Amino acid sequence: MSHILDDDEGPKLYSERQDWADVTPIPQYEGVRPIAPIFYTPEYTDATDYFRGIVRTGEKSQRILELTEAIIRMNPAHYSAWQSPLDVELKLMDGIAIEFLKTYQVWHHRRLILTALHDSSSTSPPPTSAPTSARDAAKSELDFITRALLTDTKNYHTWSYRQWLLAFFDLEELWAGELAYVERLLQEDVRNNSAWHHRFFVVFGRVKRGGEVGELQDVLKRELAYTKDQIALAPNNPSAWNYLRGTLEYTNTPFSSLETFVQLYILEKAPELDVLDLENPPPGPGAQLPCVASLEFYADILEKRGEKENIEKATAIWKSLANEHDTMRKKYWEYRIKGALTNTNS
Amino acid sequence: MSEQRVLRPTPTDGFPSPTSELQAATENILKNRIPIQSYTSTDKKLLEPILQKNLHLEYLLRNLVQGFPSRYTSQDASQPWLIFWTLQAFSVLGVGLDEKVKKRTTDTILALQHPNGGFAGGPGQAAHLLPTYASICALAIVGKPGEGGGWDQIDRKKCYDFFMSLKQPDGSFLVAHHAEVDVRGIYCLLVVATILNILTPELLEGTPEFIASCQTYEGGFCNASFPGWARTEDKSLDSAAPRPPLGEAHGGYTFCATASWVLLQPYVRTYYTGTKPTPTINTASLLRWIVNMQGNPIELGGFKGRTNKLVDGCYSWWVGGCAVLAEGLLGVDLVNHEPETHENDGSNHEGWDDVDDSLFNRKALQEYVLYAAQHHAGGLVDKPPKFPDAYHTLYCLSGLSSAQHRVVPSETRRADLLNYWNTDEAPKDKLDELQRDAFSNVLSWQEEEGTSKFVGGAVNRLNATHPIFNLTVTHSEGIVAHFYGRKLPVRQFRKPQAGKSS
Ligand SMILES: [Zn+2]
């Protein structure tokens, strides 16, 4: 553990360094014997003692960057160390971000830098020679995020940051490739819910902003066709069904408009079709039917339609979900039955 | 009759993908955690899973007294969380702490109070909303009024100022200066502001709308929404403009957003009168999302945090524990809920299906924690073969507790609390009304008598925990009563009203 003491090549402790001799290190707890203490490495204790020292004096010099970087490399979740001056280069951070993708602070810090770049370039014309005009920075940042998602396709903060970047810069050239990007990811893994959510963000986030009603109808048509195709590939995929439901609800389209499609998935064996109906792609060869989501969807159509006969049919479906196809959610399906019966009685 | 378990693998439709392959591998590990005796034995004792309370207590005690090994350095900015997770796990296990430990803990927490208000993740660090929640909740467990007791040393005025300094034009809050917006921070702020009795309309303005904007098309909530398109030139907010959610629906954020929504209702009731449109969330799709996060029998009924992700013990609390909040918002009257498809499945757990209970599967969730989330050397885990940590130990236990007990808002208790308050004075103004409502709103959550259910028998019983705070009801009442300067009426168990026999 004391390998640092006689090692000329390794980094010295701050307490051994002449250039930090003017700082008084401050131990974590003064006069308190803390409960549940963490046993830090000597390097970490040393660096954070000096960090507390300069926080107390309020020093704002360059050497703080070195100290905070050292702390961040030992503990990327040290949010106070991230609050140091923002003139850290993005390049320097790329390595840190890939190593510590799960940490909020990494992504948030990149966001602060890009915001600063955006704000400075919008008040004064961007310097022509600078390689990092806000626009270029945003584009290369999108590429960087794409690389980060290669190693971790569902990383929450990375996705959230990608969406922020698109909305914040709101540049046509940034949005342009997103749909194709999502489709590539879903081709690799049709069950990647993060990619499905991103599709919703890209498609409806933008339409809602400036979209005409006519345009929305085209978008709806495209989205339904795409989603139905993905459901046909793997019918037991809740991500695709949730997207389908979300799309219909968002556009105020009745679920009943998909009755023909859904009926292909509620039977144990898909019906033989004479002609291929492109609007209603049948389940693929390996499909395990009926799938829970289609039964739920069909019962929703029946419930909405109302009248005793439909409610009875919906109730039969809910009972089959409760007792056979989706027994874990028995109580929920019983609740749905009760809700439908209460509504028809009143 | 022995229990019938149908362990169907999640269907892959002959179309595998990375997600389905990971899922299948996890199902293989999980299904082997069900003791083989369950299939065949007629000896009931062999079937019952045991909560290894002693092992878990030893694990917790080691952490509390000896401390945490150096791999916990990543939690250096979360020191009050380590303390809260450990202390609250003791509380859920029904173990009190001696005065010396309480005093040392109080002193440790007070060393985290920032000179400008709020609490930091460690001494000398910046104040942050998340450690502020953990600190106040830890003080709810170990603190008391008076000199050195912890409660009266909390600087409420500065804490309020700190909160206001984080406020954003879209009704959200940064989690710390120069930091990000996140619904977890808002939950932490609302819990603390409610407990400390520092709620004001200025603090809460726009926050219900912000929370509502974080609900995604799936029904669950994400970590934040994008505010940029809703900002008008004069920096006010265009309420009709879109605020798209950033990130997909997620268990942790869904709990925080839903609990925030419940905590915001007193403000909504008091101040959204007249012309101001009341913000809404889609509670039906929220409930649908929550119940869909419960894994199938082959996943032992544990909860996932996102669609098509894996079950994880901590979501026992974040999602399982959220169900009762959603039920409350929907006004589900479960006591009158007549099971429509009741069939005697010959379960060993007598009476499981003839008592009305939650809309998720309480029995299965208990089984997940008992079978899959206990580490043989003490402490609880995400899923096998992972190692235990302080975080998963608490949230597995809290989740198990929320599946054992039903703690629900009681209108009777609420009326009692208000009556007690009203004997002195009528509300002076709206702020007074807000305080009364907030006070009775959080303290009206009571354990429902006769609806506890323990897989493995009463030896596995844990204490009930408050569905919003994740403190025991006793600890919640103690600290809330202190900061509202109120004595509390004697607590009575809520009796199920209008039982099925009537
Ligand atoms: Zn977890």
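Cut-offs used in this document
- Here the residue numbering is sequential within each chain, running from 1 through the sequence in written order.
- Think of it this way: whatever chain is written first is A, whatever ligand is written first is 1, and the rest follow in order.
- With pLDDT at 70 or above as the cut-off, local features in this predicted model cover only qualifying residues; side-chain atom pairs require 80 or more to be listed or tallied, and sums for whole chains, interfaces and linings still use all residues.
- In computing side-chain values, all of the structure's heavy atoms are included and hydrogens and water are not.
- Per the convention used, a helix needs a DSSP run of H or I reaching at least four residues, while a strand needs a run of E reaching at least two, with both numbered from the N terminus.
- Exposed residues in this analysis have more than 50% of their type's maximum accessible area, buried residues have under 20%, and partly exposed residues fall in between, with area computed by a 1.4 Å probe over protein chains only.
- A positive count includes Lys and Arg, and a negative count includes Asp and Glu. His and the chain ends are not counted in either.
- The salt bridge criterion pairs a side-chain nitrogen of Lys or Arg with a carboxyl oxygen of Asp or Glu, the two atoms within 4 Å.
- Polar contacts, as counted here, are pairs of nitrogen or oxygen atoms within 3.5 Å of one another; within protein the pair requires one atom able to donate a hydrogen and one able to accept it, and residues that are adjacent in sequence qualify only if both atoms are side-chain atoms.
- Residue contacts are counted whenever heavy atoms from the two residues lie within 4.5 Å of one another.
- Nonpolar cores are built from buried Ala, Val, Leu, Ile, Met, Phe, Trp, Tyr and Cys residues. Side-chain atoms within 4.5 Å join them into one set.
- An automatic or database domain assignment supplies the start and end points of every domain.
- Any pair of cysteine sulfurs within 2.5 Å is marked as a disulfide.
- Any N, O or S atom lying within 2.8 Å of the metal counts as a donor, with the limit raised to 3.2 Å for Na, K and Ca; because water is left out of the atom set, some sites can appear incomplete.
- Under the classification used here, a metal with four donors is tetrahedral if each angle lies between 85 and 135 degrees, square planar if opposite donors are over 155 degrees apart and the others between 65 and 115, a six-donor metal meeting that same test is octahedral, and anything else is irregular.
- Axis lines are fitted to C-alpha atoms, over the contacting stretch for helices. Their N-to-C directions set the angle, which ranges from 0 to 180 degrees.
- Helix crossings get a hand from a simple test, with the near helix turned counterclockwise from the far one by less than a right angle marking a left-handed crossing and a clockwise turn marking a right-handed one.
- The nonpolar class holds Ala, Val, Leu, Ile, Met, Phe, Trp, Tyr, Cys and Pro. Asp, Glu, Lys and Arg form the charged class, and all remaining residues, Gly among them, are polar.
- Note on ring pairs: Phe, Tyr and Trp rings are taken, using the six-membered ring of Trp, and paired if centres are within 6.5 Å. Classes follow the plane angle, with under 30 degrees stacked, over 60 edge-to-face and the rest tilted.
- As a reminder, the over-ring test applies to NZ of lysine and CZ of arginine, requiring each to be within 6 Å of the ring centre and within 35 degrees of the ring normal.
- Once two parts are brought into contact, the accessible area they lose, counted with a 1.4 Å probe and summed over both, makes up the buried area.

Peer 1: An account of the side chain of Asp-76 of chain B is requested, with residue identities and associated values reported.
Peer 2: Examined against the element boundaries, Asp-76 of chain B turns out to sit in the loop between helix H4 (53-66) and helix H5 (79-92). Of the side chains with opposite charge, Arg-52 of chain A lies nearest to the buried Asp-76 of chain B, which makes no salt bridge, at 5.5 Å. At a separation of 2.6 Å, a polar atom in the side chain of Asp-76 of chain B contacts the side chain of Tyr-40 of chain A. Here Tyr-44 of chain A takes part through its side chain, which lies 2.4 Å from a polar atom of the side chain of Asp-76 of chain B.

Peer 1: Lay out the interface of chain B and chain A with the relevant residues and their values.
Peer 2: Taken together, the contact pairs 97 residues of chain B with 81 residues of chain A. The residue Arg-288 of chain B makes a salt bridge to Glu-296 of chain A at a minimum N-O spacing of 2.7 Å. Contributing elements (two or more residues each) for the side of chain B that touches chain A: helix H1 (18-31), H4, H5, helix H6 (99-110), strand S2 (245-246) and helix H13 (283-292) of chain B. By residue number, the principal contributor to the side of chain B that touches chain A is H6 of chain B, which donates 5 residues.

Peer 1: Go over the nonpolar core with me, naming the residues and quoting the values.
Peer 2: Core analysis: the largest hydrophobic core is formed by 241 residues, its most contacted members being Phe-84, Tyr-133 and Phe-163 of chain B. Counting only domains with at least three residues in this core, you end up with domain 1 (19-48 + 293-502) and domain 2 (170-228 + 241-281) of chain B.

Peer 1: How would you explain the state of the cysteines if you had to name every residue and give the values?
Peer 2: A disulfide bridge is the covalent bond that connects two cysteines by way of their sulfur atoms. Residues and elements named next belong to chain B. Applying the stated criterion across every chain yields a total of 0 disulfides over all chains. This cysteine, Cys-159, is not joined by any disulfide, and Cys-188 carries the nearest cysteine sulfur, 12 Å off. Here Cys-214 is not cross-linked by a disulfide; its sulfur's nearest cysteine counterpart is in Cys-222, at 4.6 Å.

Peer 1: Please provide a residue-by-residue account of the coordination of the zinc ion, values included.
Peer 2: When four donors bind a metal tetrahedrally, each ideal donor-metal-donor angle is 109.5 degrees, and when six bind octahedrally, the ideal angles are 90 or 180 degrees. All names here are of chain B. The protein atoms that coordinate the zinc ion are Asp-312 (OD), Asp-312 (OD), Cys-314 (SG) and His-392 (NE2), at distances spanning 2.1 to 2.5 Å. Its 4 donor atoms give the zinc ion angles of 56 to 124° at the centre, a pattern that matches the irregular case. Summarised as a motif, the one-chain spacing of the donors to the zinc ion is D-x1-C-x77-H. Taken together, the residues Asp-312 in the loop between H13 and helix H14 (315-320) and His-392 in helix H17 (residues 390-404) connect sequence positions 80 residues apart. The exposure classification of Asp-312 matches that of His-392, with both residues buried.

Peer 1: Can you explain the pattern of salt bridges? Please cite residues and give values.
Peer 2: Close approach of charged atoms lets side chains of opposite charge pair. On inspection of all chains with the given rule, the structure shows 37 salt bridges over all chains. Its salt-bridge partner being Glu-30 of chain A, residue Arg-56 of chain A comes within 3.5 Å of it at the nearest N-O pair. Linking Arg-56 of chain A in helix H1 (residues 42-57) with Glu-30 of chain A in the segment before H1, this pair joins segments that are 26 residues apart in sequence. Taking the relative accessible area as the measure of exposure, Arg-56 of chain A reaches 59% and is therefore exposed. In this structure, the salt-bridge partner of Arg-406 of chain B is Glu-327 of chain B, at a minimum N-O distance of 3.1 Å. Within this pair, whereas Arg-406 of chain B is found in the loop between H17 and strand S3 (407-409), its partner Glu-327 of chain B is found in helix H15 (residues 323-330), the two being separated by 79 residues in sequence. Of the two residues examined, Arg-406 of chain B and Glu-327 of chain B, each falls in the buried class.

Peer 1: Run through the packing of H5 of chain B against H17 of chain B, naming residues and quoting values.
Peer 2: Residue and element names in this part refer to chain B. Packing of H5 against H17 brings their axes to within 9 Å, and their N-to-C directions diverge by 35°. Our pair here, H5 against H17, has a crossing hand that is left-handed. Contact residues: Trp-81, Leu-82, Phe-84, Trp-85, Thr-86, Gln-88, Ala-89 and Val-92 in H5; Ala-390, Tyr-391, Leu-394, Tyr-395, Leu-397, Ser-398 and Ser-401 in H17. Classifying every residue of the contact of H5 with H17 gives 11 nonpolar, 4 polar and no charged.

Peer 1: Pulling in residues and values, what's your account of the packing of aromatic side chains?
Peer 2: Applying the stated criterion to the full structure yields 45 aromatic pairs over all chains. Over the aromatic face of Trp-20 of chain A sits the side chain of Arg-63 of chain A, whose NZ or CZ is 4.6 Å from the ring centroid. Directly above the ring of Trp-421 of chain B sits Arg-486 of chain B, whose terminal nitrogen or CZ lies 3.7 Å from the centroid.

Peer 1: Requested: an account of the domain arrangement of chain B, with residues and values cited.
Peer 2: Residues and elements named next belong to chain B. You can read the domains of chain B as domain 1 (19-48 + 293-502) and domain 2 (170-228 + 241-281). Counting residues at the interface gives 29 residues for domain 1 and 29 residues for domain 2. Taking both partners together, domain 1 and domain 2 bury about 2,600 Å²; carbon and sulfur atoms supply 66% of that area. Our count for the contact surface shared by domain 1 and domain 2 stands at 2 salt bridges. Linking Arg-306 and Glu-248 is a salt bridge whose minimum nitrogen-to-oxygen distance equals 2.9 Å. Across the contact surface, domain 1 and domain 2 share 11 residue pairs in polar contact (both at pLDDT 80 or more). Contributions of two or more residues to the side of domain 1 that touches domain 2 are made by H14, H15, helix H19 (430-443) and helix H20 (473-484). Broken down by element, the residue count for the side of domain 1 that touches domain 2 peaks at 9 residues, all from H19. Classifying every residue of the side of domain 1 that touches domain 2 by side-chain character gives 20 nonpolar, 4 polar and 5 charged.

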